[in-house]
Amino acid sequence: DVKVTQSSRYLVKRTGEKVFLECVQDMDHENMFWYRQDPGLGLRLIYFSYDVKMKEKGDIPEGYSVSREKKERFSLILESASTNQTSMYLCASSYPGTVNEQFFGPGTRLTVL
Amino acid sequence: GQQLNQSPQSMFIQEGEDVSMNCTSSSIFNTWLWYKQDPGEGPVLLIALYKAGELTSNGRLTAQFGITRKDSFLNISASIPSDVGIYFCAGQPYDSNYQLIWGAGTKLIIKP
C-alpha cells in the first residue's frame, strides 16, 4: 500500500513564525503536491513537484515556498505565518506520468494565532 | 483559476437511501475522479473515469463521465452509515499534465 505521511497532525504557531510542514511518501512517486483545504473551497493547489529539485506554482503559492531535495520528501514552508494561513494542509503523491490517482496523507491542521 | 461546480453542497440521508451528486465544468476535461474524505483523514480515490460516456462501478458506487466531457455524476446505492464523509470530484483539464481541478465537496450526513 502507498503510504504518505505528514510530520504533524496538529500544529499551532504564532504570527510571523517560520513554519515547516514535512511530507514523506514510500512508493518512489515522482509527483508530489501540497494543497490547502478550507470549508466550501475544496482543495486548492499551492505547489507541486514532478522531480527532485523541480517545483511549479499552483493556484495559491503566495506566502509559501517548497523544497524537494530527495524524491521521497516534499516540504512546505510558510516563511512568515499569518492568521489567514490557518487551514488544513494536505500532501499527496502520484505515480510517474500521471496526476490522476493521487494518494494523500492524513493532513496537518495548522492554526496561526 | 478553473473551477468545478459540485452539487449539492451537503445532503442529509436516511440509511438505505440512494444518493446522487454531480460536478460540472465550463471547460473540457480528460479525466474525472471521485474521492471520499473521512473525518480527520486525507481524500481517498473511489473511481477514475478516462473516456467520455464511460460508466464505472465500485461496489455500491457508480460514476459516469459525461458525453460533453464537461460533467460527471456519482451515485451511491443503499447508503450505509460508513458512507458519511465529504465526496470530492476532480478533473484533469485537457491542457494540463500535472494539475487537477477540484470541486468544493459534497458533505454526506446520516439523519438520526
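Here is what the cut-offs are and how they apply
- Residues numbered from 1 in each chain as written.
- Chains lettered and ligands numbered in written order.
- Predicted model: local features only at pLDDT ≥ 70, side-chain atom pairs only at ≥ 80, totals over all residues.
- Heavy atoms only, no water.
- Pairing = 2+ DSSP bridges.
- Helix = DSSP H or I, 4+ residues; strand = E, 2+ residues; numbered from the N terminus.
- Axes fitted to C-alpha atoms, helices over the stretch in contact; angles between N-to-C directions.
- Disulfide = S-S within 2.5 Å.
- Buried < 20%, exposed > 50% of the residue type's maximum accessible area, 1.4 Å probe, protein only.
- Contact = heavy atoms within 4.5 Å.
- Buried area = accessible area lost by both parts, 1.4 Å probe.
- Salt bridge = Lys/Arg side-chain N within 4 Å of Asp/Glu carboxyl O.
- Core = buried A, V, L, I, M, F, W, Y, C linked by side-chain atoms within 4.5 Å.

Caption draft 1: Just the sheet that holds strand 3 (residues 19–24) of chain B, in detail. Residue and element names in this part refer to chain B. Strand order in the open sheet formed by 5 strands is 1-3-8-7-6, and the pairing between neighbours is antiparallel. In the strand order of this sheet, the two ends are held by strand 1 (5–7) and strand 6 (55–58), each with one partner. On average, adjacent strands in this sheet sit at an angle of 15° to one another, irrespective of strand direction. Sheet topology note: the strand 6/strand 7 (residues 61–65) ladder contains 4 bridges and is antiparallel. Bridging from a neighbouring strand, Ser57 pairs with Thr62 of strand 7.

Caption draft 2: Up close: the state of the cysteines. All names here are of chain A. Overall, the coordinates contain 2 disulfides over all chains when judged by the stated rule. Shown here is the disulfide that connects Cys23 with Cys91, its sulfur atoms set 1.9 Å apart. Because the torsion about its S-S bond is -75°, the bridge between Cys23 and Cys91 counts as left-handed. Taken together, the residues span a long stretch of sequence, with Cys23 in strand 3 (residues 19–25) and Cys91 in strand 9 (residues 87–94) at a distance of 68 residues. Here Cys91 falls in the buried class, since its relative accessible area comes to 0%.

Caption draft 3: Structural context of the interface of chain B and chain A. With 19 residues of chain B at the contact, the number on the chain A side is 23 residues. Taking both sides of the interface into account, the surface hidden between chain B and chain A amounts to around 1700 Å²; carbon and sulfur atoms contribute 54%. When the area that chain B buries against chain A is broken down by residue, the three leading residues are Tyr98(B), Gln99(B) and Trp102(B), summing to 34%. Viewed at the interface, chain A and chain B are joined by 1 salt bridge. Salt-bridge contacts for Glu41(B) lead to Arg9(A); the nearest nitrogen and oxygen are separated by 4.0 Å.

Caption draft 4: Geometry of the nonpolar core. One finds Trp32(B), Trp34(B) and Leu74(B) to be the most contacted residues of the largest nonpolar core, which totals 21 residues. Mapped by element, the contributors of at least two residues to this core are strand 2 (10–13), strand 3, strand 4 (29–37), strand 5 (44–49), strand 7, strand 8 (71–76) and strand 9 (85–93) of chain B. In terms of nonpolar packing, the next biggest core, distinct from the first, is built from 20 residues, Leu76(A), Ala81(A), Cys91(A) and Leu110(A) among them.

Caption draft 5: Molecular detail of the sheet that holds strand 7 (residues 64–70) of chain A. Residue and element names in this part refer to chain A. The strand order 1-3-8-7 describes an open sheet built from 4 strands, whose pairing is antiparallel. At either margin of the open sheet sits one strand with a lone partner, and together these are strand 1 (4–6) and strand 7. Shown here is a sheet whose adjacent strand axes are inclined to one another by a mean of 20°, direction ignored. Strand direction decides the pairing type here: strand 3 and strand 8 (residues 73–78), joined by 6 bridges, are antiparallel. Considered in strand 8, the bridge of Phe20 is made with Ile77.

Caption draft 6: Local environment of the pattern of salt bridges. A complete count under the given rule lists 9 salt bridges over all chains for this structure. A salt bridge links Glu22(A) to Arg73(A), with the nearest nitrogen and oxygen atoms 3.8 Å apart. You can see Glu22(A) sitting in strand 3 and its partner Arg73(A) sitting in strand 8, a full 51 residues away along the chain. Classification of Arg73(A) as partly exposed rests on a relative accessible area of 37%. We note a salt bridge from Asp83(B) to Arg60(B), for which the minimum N-O separation is 2.8 Å. Taken as a pair, Asp83(B) in the loop between strand 8 and strand 9 and Arg60(B) in the loop between strand 6 and strand 7 lie far apart in primary sequence, 23 residues in all. Among the charged side chains, a salt-bridge network with shared partners connects Arg36(A), Asp38(A) and Arg44(A).

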